[in-house]
Amino acid sequence: MTHLKIVFAGSPGAAVPSLRAIAATDHAIAAVLTRLDSPKGRKRVPTPTDVGAAATELRLPTIKSNRPGDEVTEQITTLTADLGVIVAYGAILREPLLSTPRLGWINLHFSLLPRWRGAAPVQRAIIAGDQLTGASVFQLVPELDAGDIYGQFTQPIGGNETAGHLLDSLAAGGAELLVRVIDAIADGSARGEPQAGDVTRAPKLTLEDGRIDWTAHASTVHDLIRGVTPEPGASTTIDGARLKVLDAAIARDAARIAPGQLRLDGRRVLAGTASDAIELVTVQPAGKNAMAAADWWRGRPADARMIVE
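None of these values were measured; they are calculated from a predicted model. (Residues numbered from 1 in each chain as written. Predicted model: local features only at pLDDT ≥ 70, side-chain atom pairs only at ≥ 80, totals over all residues. Heavy atoms only, no water.)

**Q** For this particular structure, what's the right way to read the packing of helix 1 (residues 16-23) against helix 2 (residues 50-57)?
**A** Working note: a packed helix pair is described by the angle between its axes plus the distance between those axes. Closest axis-to-axis distance for the helix 1/helix 2 pair is 9 Å, and the angle between their directions is 25°. Accordingly, the angle class assigned to the pair helix 1 and helix 2 is roughly parallel. By crossing handedness, the relation of helix 1 to helix 2 is classed as right-handed. Across from Val16, Leu19 and Arg20 in helix 1, the residues of helix 2 making contact are Asp50, Val51, Ala54, Ala55 and Glu57. Class assignment of the residues belonging to the contact of helix 1 with helix 2 gives a composition of five nonpolar, no polar and three charged. (Axes fitted to C-alpha atoms, helices over the stretch in contact; angles between N-to-C directions. Helix = DSSP H or I, 4+ residues; strand = E, 2+ residues; numbered from the N terminus. Parallel < 35°, antiparallel > 145°, perpendicular 65-115°, else oblique. Left-handed = near helix turned anticlockwise from the far one by under 90°. Contact = heavy atoms within 4.5 Å. Nonpolar A, V, L, I, M, F, W, Y, C, P; charged D, E, K, R; others polar.)

**Q** Please explain the nonpolar core as it appears in this structure.
**A** Side chains of nonpolar character tend, in soluble globular proteins, to be buried together. Counting 42 residues, the largest nonpolar core has Phe8 and Val85 as the members making the most contacts within it. If you tally residues by element for this core, the top one is helix 5 (residues 163-187), at 12 residues. Judged by nonpolar contacts, the second largest core, of 26 residues, contains Leu205, Ala234, Val245 and Ile278. (Core = buried A, V, L, I, M, F, W, Y, C linked by side-chain atoms within 4.5 Å. Buried < 20%, exposed > 50% of the residue type's maximum accessible area, 1.4 Å probe, protein only.)

**Q** What am I meant to see in the packing of aromatic side chains here?
**A** Any pair of aromatic rings gets described here by the distance separating the centres and the angle formed by the planes. Inspection of every chain in the model, using the stated rule, returns one aromatic pair. Considering the side-chain rings of tryptophan 296 and tryptophan 297, the 6.4 Å spacing of their centres and the 75° angle between planes classify their relative orientation as edge-to-face. The exposure class assigned to tryptophan 296 is buried, which follows from its relative accessible area of 9%. Note on tryptophan 297: relative accessible area 13%, which makes it buried. (Phe/Tyr/Trp six-rings, centres within 6.5 Å; stacked < 30°, edge-to-face > 60°.)

**Q** Looking at this structure, how should I read the sheet that holds strand 7 (residues 105-109)?
**A** One key point about sheets: their strands pair by backbone hydrogen bonds, in either a parallel or an antiparallel sense. If you walk across this open sheet you meet the seven strands as 5-2-1-6-7-8-9, and the pairing is mixed. On the outer flanks of this sheet lie strand 5 (62-64) and strand 9 (149-156), each paired with one strand and no other. Adjacent strand axes in the sheet meet at a mean angle of 15°, parallel and antiparallel pairs treated alike. Sheet analysis places strand 7 next to strand 8 (residues 132-139), joined by four bridges and oriented antiparallel. (Pairing = 2+ DSSP bridges.)

**Q** How should I be thinking about helix 5 in this particular structure?
**A** Residues spaced three or four apart along an α-helix point in a common direction, a consequence of the helix completing one turn every 3.6 residues. Taking 1.5 Å of rise per residue, the 25 residues of helix 5 would be expected to cover 36 Å, and the 35 Å separating its terminal C-alpha atoms lies within 8% of that figure. Looking one or two residues past helix 5, glycine 188 carries a phi angle of roughly 85°, positive in sign. (Expected span 1.5 Å × (residues − 1).)

**Q** What exactly am I supposed to notice about the pattern of salt bridges here?
**A** A pair can form between side chains of opposite charge whenever their charged atoms are brought close. Evaluation of the coordinates by the stated rule reveals 13 salt bridges. The partner of arginine 20 in a salt bridge is glutamate 57, with the nearest N and O atoms 2.9 Å apart. Of this pair, arginine 20 sits in helix 1 while glutamate 57 is found in helix 2, placing the two residues 37 residues apart along the sequence. A salt bridge links arginine 115 to aspartate 130; its shortest N-O distance comes to 2.9 Å. Of this pair, arginine 115 sits in the loop between strand 7 and helix 4 (121-127) while aspartate 130 sits in the loop between helix 4 and strand 8, and the two are 15 residues apart along the sequence. The exposure class of aspartate 130 is buried, given its relative accessible area of 15%. Here the salt bridges share partners, and the residues they tie into one network are Arg252, Arg256 and Asp276. (Salt bridge = Lys/Arg side-chain N within 4 Å of Asp/Glu carboxyl O.)

**Q** Help me out: how do you make sense of the side chain of histidine 222 in this one?
**A** Take histidine 222: it is sitting in helix 6 (residues 218-227). Overall, the relative accessible area of 6% leaves histidine 222 in the buried class. Side-chain polar atoms of histidine 222 contact the backbone oxygen of alanine 248, separated by 3.3 Å. Among all residues touching histidine 222, those that are not within four sequence positions of it are Gly159, Asn160, Ala248, Ala249, Ile250 and Ile278. (Polar contact = N/O pair within 3.5 Å; in protein donor to acceptor, adjacent residues only side chain to side chain.)

**Q** Would you mind showing me how to read helix 2 here?
**A** Along helix 2, the residues that are buried comprise Val51, Gly52, Ala54 and Ala55. An end-on view of helix 2 places all buried positions within 165° of arc, on one side of the element. Exposed residues on helix 2 whose side chains face more than 90 degrees from its buried face are Thr56 and Glu57. Elements that come into contact with the buried residues of helix 2 comprise strand 1 (5-10), helix 1, strand 2 (28-34) and strand 5. Arginine 59 sits one or two residues past helix 2 and shows a positive phi near 60°. (Arc of directions from axis to C-beta.)

As structure tokens, this is what we get:
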């Protein structure tokens with residue numbers, strides 16, 4: 001089998017399994033393209049991306065850029081790479097960079113394309129109540145997430161699975177799929193198939209997307225909370241202050257409560273919806289650490305309102 005010279009582009013932790021999987025093959029990673037270091041922590045210390053840190057550990061040359069332009073294109077051109085591989089890099093690659101590797105770029109995307117094209121496929125799938133998801137490896141083209149597919153795998157979405165947990169699982173399975181596709185491209189057996197089916201979009205989520213609508217059904221509320229955990233986070237307002245809901249469950253055995261009303265049921269803090277109550281398991285008040293919902297309830301002022309908004 002021919003061994004390919006690869007340029008890898010990625011930034012968050014979800015891309016690290018793919019980088020490590022490719023590095024463990026006989027293919028050569030000529031360089032790693034990742035986003036610039038960003039300030040982290042209270043001291044705002046410049047910190048590399050997860051991919052950047054892994055590349056340093058693997059002793060791979062690194063190119064850092066948030067918006068690859070002429071300079072980055074020239075750097076990558078001089079590498080004379082065979083193939084570009086992108087996994088959650090965080091920026092759109094445009095021409096002439098898109099055509100710079102001899103075989104172009106392939107992309108690992110965490111959805112069953114053409115469903116959930118865009119920046120937040122895992123989160124949107126859970127929020128929509130999808131029962132099945134997966135990952136796709138496709139040829140990168142100018143249109144967003146629209147290229148021919150080289151391989152996919154499917155995976156059920158657990159009823160209590162958060163976006164963070166699901167992404168970790170898909171990242172591991174996606175790395176294996178990606179290596180299989182790279183090997184197939186190298187030996188000439190890879191065949192891309194046009195995407196088929198209805199296109200849905202998965203735009204990046206905002207803080208407002210995580211705001212809980214307590215007038216919705218319990219399953220819709222629960223799916224939203226799971227889908228925006230850990231980022232951007234589910235939240236509600238109580239006594240005029242933002243309260244993050246980090247973990248929750250549908251309390252099917254509890255008596256119905258009016259939407260938005262709070263009630264202490266034994267040791268459980270329950271919030272009403274249009275159907276079953278939602279148990280608040282772990283919450284984070286503004287400016288404080290995460291805590292058990294029951295501890296938060298006991299620490300509230302005696303005259304606090306018992307309604308979330």
